[in-house]
Amino acid sequence: MDPNDVPDAPEGAQPEHPRAGFVALVGAPNAGKSTLLNALVGAKVSIVSPKVQTTRARVLGITIEGDSQVIFVDTPGIFGAKKRLERAMVAAAWQGAADADLVVLLVDASRRQVDEDTRSIIATLKDTGRRCHAALTKIDLIAKEKLLVLAEELAREGVFDEIFMVSAVTGDGVPEFLRMLAARMPEGPWLYPADQISDVPMRLLAAEIVREKLFLQLHQELPYATTVETEAWEEFEDGSVRIACEVYVERDSQKAIVLGKSGSRIKNIGQAARKELETFLERRVHLILHVKVREKWAENPEHYRSWGLDFNA
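Computed from a predicted structure; not experimentally measured.

Definitions and limits used
- Residues numbered from 1 in each chain as written.
- Predicted model: local features only at pLDDT ≥ 70, side-chain atom pairs only at ≥ 80, totals over all residues.
- Heavy atoms only, no water.
- Core = buried A, V, L, I, M, F, W, Y, C linked by side-chain atoms within 4.5 Å.
- Buried < 20%, exposed > 50% of the residue type's maximum accessible area, 1.4 Å probe, protein only.
- Helix = DSSP H or I, 4+ residues; strand = E, 2+ residues; numbered from the N terminus.
- Contact = heavy atoms within 4.5 Å.
- Phe/Tyr/Trp six-rings, centres within 6.5 Å; stacked < 30°, edge-to-face > 60°.
- Lys NZ or Arg CZ within 6 Å of the ring centre and 35° of its normal.
- Pairing = 2+ DSSP bridges.
- Axes fitted to C-alpha atoms, helices over the stretch in contact; angles between N-to-C directions.
- Salt bridge = Lys/Arg side-chain N within 4 Å of Asp/Glu carboxyl O.

**Q** Would you mind showing me how to read the nonpolar core here?
**A** Among soluble globular proteins, nonpolar side chains are generally buried collectively. Membership of the largest hydrophobic core comes to 31 residues, with the highest contact counts inside it found for Ile71, Leu105, Leu136, Leu154 and Phe160. Where this core is concerned, the elements lending two or more residues are β1 (19-27), β2 (59-65), β3 (68-74), β4 (102-108), α3 (116-128), β5 (132-137) and α4 (144-155). Not counting residues up to four positions away in its chain, the partners in contact with isoleucine 71 are Gly21, Phe22, Val23, Leu60, Gly61, Ile62, Leu191 and Tyr192. Counting residues in hydrophobic clusters, the runner-up holds 24 residues, among them Ile209, Cys245, Ala273 and Val291.

**Q** What exactly am I supposed to notice about the packing of aromatic side chains here?
**A** Two aromatic rings, taken as a pair, are described by how far apart their centres are and by the angle between their planes. Applying the stated criterion to the full structure yields one aromatic pair. The aromatic ring of tyrosine 248 is capped on one face by arginine 294, whose charged end is 3.9 Å from the ring centroid.

**Q** Can you help me understand the sheet that holds strand β9 (residues 285-293) in this one?
**A** Adjacent strands of a sheet form backbone hydrogen bonds with each other and so pair up, either parallel or antiparallel. What the three strands build is an open sheet, ordered β7-β8-β9; its pairing is mixed. Of all strands in the sheet, those bounded by a partner on one side alone are β7 (227-235) and β9. Across this sheet, the average inter-strand angle for adjacent strands is 20°, counted without regard to direction. Packing of helix α7 (residues 252-259) onto the sheet brings it into contact with β8 (241-249) and β9, and relative to β9 it is tilted by some 155°.

**Q** Got a minute to help me understand unusual backbone geometry in this structure?
**A** What you tend to see is this: most non-glycine residues have negative phi, and most peptide bonds are trans. Even without being a glycine, serine 262 presents a positive backbone phi close to 55°. Position of serine 262 among the secondary structure elements: in the loop between α7 and α8 (264-281). Residue classification places serine 262 among the exposed positions, given a relative accessible area of 80%. Notably, glutamate 282 is not glycine yet its phi reads approximately 55°, a positive angle. With respect to the helices, strands and loops of the structure, glutamate 282 is situated in the loop between α8 and β9. With a relative accessible area of 73%, glutamate 282 lands in the exposed category.

**Q** Honestly, the pairing of β7 in this entry has me stumped. Any pointers?
**A** Note on strand geometry: in a regular strand, side chains alternate between the two faces of the sheet. Inspection of the sheet shows β7 paired to β8 by eight bridges, in the antiparallel sense. Bridging from a neighbouring strand, glutamate 234 pairs with arginine 242 of β8. Counted between consecutive antiparallel strands, the loop separating β7 from β8 contains five residues, among which glycine 239 sits at a positive phi close to 95°.

**Q** Looking at this model, I keep getting lost on the pattern of salt bridges. Mind explaining?
**A** Between side chains of opposite charge, a pair can form when the charged atoms approach closely. One pass over the structure, following the stated rule, counts 15 salt bridges. Residues arginine 111 and aspartate 115 are paired through a salt bridge, measuring 3.2 Å at the closest nitrogen-oxygen approach. Given a relative accessible area of 37%, arginine 111 falls into the partly exposed group. The residue glutamate 235 makes a salt bridge to arginine 283 at a minimum N-O spacing of 3.4 Å. Remark: arginine 283 occurs in the loop between α8 and β9 and glutamate 235 occurs in strand β7; sequence separation between them is 48 residues. For arginine 283, a relative accessible area of 27% corresponds to the partly exposed category. Here the salt bridges share partners, and the residues they tie into one network are Asp108, Arg111, Asp115 and Lys138.

**Q** Teacher, can you tell me more about helix α1 (residues 33-41) here?
**A** α1 sits mainly inside the fold: seven of its nine residues count as buried. Lys33, Ser34, Leu36, Leu37, Asn38, Leu40 and Val41 are the residues of α1 that are buried. Looking one or two places after α1, you find glycine 42, whose phi comes out positive at around 85°.

**Q** Can you help me understand the environment of proline 175 in this one?
**A** Tracing the backbone through its elements, the reader meets proline 175 in helix α5 (residues 174-183). Looking at proline 175, the relative accessible area reads 39%, which means it is partly exposed. Residues proline 175 and alanine 39 lie 136 residues apart in sequence; the distance between their C-alpha atoms is 9.7 Å.

The structure is reproduced here in structure tokens:
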């Protein structure tokens, strides 16, 4: 979201000296952006998977810290893109960084070294003259001595105002990191209601949760040739909701993998997604999944518009 295109200040009580601003979380694929975003917001707003490159659209997560409203942009991982969808995702990531008040480069400390994708991001930051902060993630997976060496290496790059160390899993360093960001937000009224944690439409969030369960169950068997769309959302008088999602693949052989023997796999995926949706929505969910073949769906501009991506990037 472009900070120049923000909603009107919400009605309701605001602190005497409010602050509000955008923070872009950028990094190489699988640097822990989505997991950290969910930890900072205190609720799930972004898809999390062991597979790299699962975030496609820029997701806004919103949290309150003191008098500050911090609005996070969870961007797709930045890497050497070749396919159209990959190029659009990387373009979205850099646009999110350009629009933000603060940029935080997340570096996966568990790799014990700065990988090539991260070095490329640092080089681009240097070229643009953009100052930013760095956060070493997954610090629960590395010895302290090696962590300090990695932090010193980043400090020598000369583009980071501060370097933080965080673990979204254990919570170490997360409160301090959030307080730092809150203190650096520009003065001004809050941009969203105090109880809003994301601007992701519920239909899109439902589709993303189904897609996450697909990745978790099929991560070694299926390439990234899948997408999910919410086709219907019907609310009932008893408070329950019926959600119908279409799972699109590119070939019949992929459809068979998603369905599983006698439909067992898609049933398991549906059960896992329904359980999470019920927890998130705090109501009963009737989830219907259909698997369909749609060749070259990744060449359809409509998909890119729904994700907020540029088809021509």
